[in-house]
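# Working through the structure, step by step
What follows is the residue order along each chain.
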Amino acid sequence: MKTKEIYLIRHGETDYNRKGIVQGSGVDTDLNDLGRSQAQAFFEKYQHIPFKKVYTSVLKRAIQSVSGFLSLGLPHEKYAGLNEISWGHREGQRITPEEDAYYHSVLAAWADGEDYLRIDGGESPADVQARQKPVIDTIVSRPEEDVILVCMHGRAMRILLSMLAETPLKDMDQYEHSNLCLYKLEYDGKKFTIVAHNDIQHLQKLTHFMH
């Protein structure tokens, strides 16, 4: 039996996403027009779900992505533990070829199992998982919140899904994501099961905007 349903979404598009500029936890950008349209499309499809609470990171792009649900008066809690990974010195920077090579060398090390390796000036996947765990413990400790909505960030989602599905961090890239995608999870009191992966059906009517 399922005791809790979690609708886990990534934030909508920002101009930094579109331009390929690193955001991370240190850059607090707003959604762009497409991002707001994505958020509205998700709201239109899922506004009938009886969410008991909305959880987000403390970053604007995550909070703006659930603004429709917040306008219904749903209770909302923000946790820095759900913020994006800190990409350190790269945040807010356009990626040079040298930076890109370094970034991909770090991703390759993570995929080799070096999940304690911190990107220069930033966090490791293990660091992020450690700050996510208290938030998940809080969510799990509230059985009365049987259906919840959580909005966060791409790399942090991969790390969180690895923890919830009990898969190794080195395999986190299996959890593909796009802006305003949905992962749906069920919790039976002991373990989480992912029942929808990177679902973007709610965005289909926006295809003429998306490139």
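Counting of residues starts from 1 at the beginning of each chain's written sequence and follows it residue by residue. In keeping with the predicted nature of the model, local features appear solely for residues at pLDDT of at least 70, side-chain atom pairs appear and are counted solely at 80 or more, and the whole-chain, interface and lining totals rest on all residues. With hydrogens and water stripped out, all remaining heavy atoms of the structure feed into the side-chain values.

Think of it this way: any DSSP run of H or I at least four residues long counts as a helix, any run of E at least two long counts as a strand, and we number them from the N terminus. Across its full length, the protein chain holds 7 helices and 6 strands. Tracing the protein chain from N to C terminus, the helices and strands come up as β-α-α-β-α-α-β-α-α-β-α-β-β. As a reference, a globule follows 2.2 Å times the number of residues to the power 0.38, and the radius of gyration itself is taken over C-alpha atoms. In terms of C-alpha radius of gyration, the protein chain reaches 17 Å, essentially the compact-globule figure of 17 Å for 211 residues. Dimensions along the principal axes, computed over C-alpha positions, put the protein chain at roughly 50 × 40 × 25 Å. Each residue is placed in one exposure class: buried if its accessible area under a 1.4 Å probe, protein chains only, is under 20% of its type's maximum, exposed if it is over 50%, and partly exposed if it falls in between. Looking at the 211 residues of the protein chain, the share that counts as buried comes to 51%. The criterion used for residue contact is that any of the two residues' heavy atoms lie within 4.5 Å. Here the analysis covers contacts within the protein chain between residues at least 6 apart in sequence; of these, 66% occur between residues at least 24 apart.

For Ile-159, the location among the structural elements is in helix 7 (residues 154–164). Separated by 41 residues in sequence, Ile-159 and Ile-200 have C-alpha atoms that sit 20 Å apart. In this structure, Ile-159 is in contact with Ile-85, Pro-125, Val-128, Gln-129, Gln-132, Leu-169 and Met-172, ignoring residues within four places of it in sequence.

Formed by 33 residues in total, the largest nonpolar core has its most connected members in Ile-6, Leu-8, Val-150, Met-152, Tyr-183 and Leu-185. At the level of elements, strand 1 (4–10), helix 5 (97–111), helix 6 (125–140), strand 4 (147–152), helix 7, strand 5 (182–187) and strand 6 (192–199) are the ones that each hand at least two residues to this core. Here the element with the most residues in this core is helix 7; it accounts for 6 residues. Here Tyr-183 is in contact with Ile-6, Tyr-7, Leu-8, Met-157, Leu-161, Tyr-175, Glu-176, Ile-194, Ala-196, His-197 and Asn-198, once residues within four sequence places are set aside. The nonpolar core is taken to be a set of buried Ala, Val, Leu, Ile, Met, Phe, Trp, Tyr and Cys residues, with the residues joined through side-chain atoms within 4.5 Å. Formed by 20 residues, the second largest nonpolar core is a distinct cluster that contains Tyr-46, Phe-51, Leu-149 and Cys-151.

Mapped onto the elements, Thr-29 comes out in the loop between helix 1 (15–19) and helix 2 (33–46). Of note is the side chain of Thr-29, whose polar atom sits 2.5 Å from the side chain of Gln-23. Residues within four places of Thr-29 in sequence aside, it is in contact with Thr-14, Tyr-16, Gln-23, Lys-60 and Arg-61. Definition of a polar contact: a pair of N or O atoms within 3.5 Å, with one able to donate and the other able to accept a hydrogen when the atoms are protein atoms, and with sequence-neighbouring residues admitted only if both atoms are side-chain atoms.

Attention shifts here to the sheet that holds strand 2 (residues 53–56). If DSSP finds at least two bridges between two strands, the strands pair. Strand order in this open sheet of 6 strands is 3-2-4-1-5-6, and the pairing throughout is mixed. Both outer strands of the open sheet, strand 3 (76–78) and strand 6, are each paired with one neighbouring strand and no more. Here the average twist between neighbouring strands, direction ignored, is 20°. The pairing of strand 2 with strand 3 spans 3 bridges and is parallel. Across the sheet, residue Val-54 finds its bridge partner in strand 3, namely His-76. Whenever a helix is involved, its axis is fitted only over the stretch in contact; in every case the axis is a line through C-alpha atoms, and angles between N-to-C directions fall within 0 to 180 degrees.

Sites flagged by UniProt as "active site" (unreviewed entry) map to His-11 and Glu-84. These residues run over 74 residues, yet every pair of their C-alpha atoms falls within 10.6 Å of each other. With respect to the helices and strands, the residue His-11 is situated in the loop between strand 1 and helix 1. Judged by its relative accessible area of 2%, His-11 falls in the buried class. Residues in contact with His-11, not counting those within four places in the same chain, are Asn-17, Gln-23, Arg-61, Ala-62, Ser-65, Cys-151, Met-152, His-153, Asn-179 and Leu-180. UniProt positions are given in the numbering used here, feature names are shortened, and annotations may be inferred rather than shown by experiment.

A word on the UniProt feature "binding site: substrate" (unreviewed entry) in the protein chain. Cross-referencing UniProt, the feature "binding site: substrate" (unreviewed entry) maps to Arg-10, His-11, Gly-12, Glu-13, Thr-14, Asp-15, Tyr-16, Asn-17 and Arg-61 in the present numbering. With respect to the helices and strands, Thr-14 occurs in the loop between strand 1 and helix 1. According to the relative accessible area criterion, Thr-14 is buried, its value standing at 0%. Those residues in contact with Thr-14, other than ones at most four positions away along the chain, are Gln-23, Thr-29, Asp-30, Leu-31, Asn-32 and Arg-61. Relative to the elements of secondary structure, Tyr-16 occurs in helix 1.

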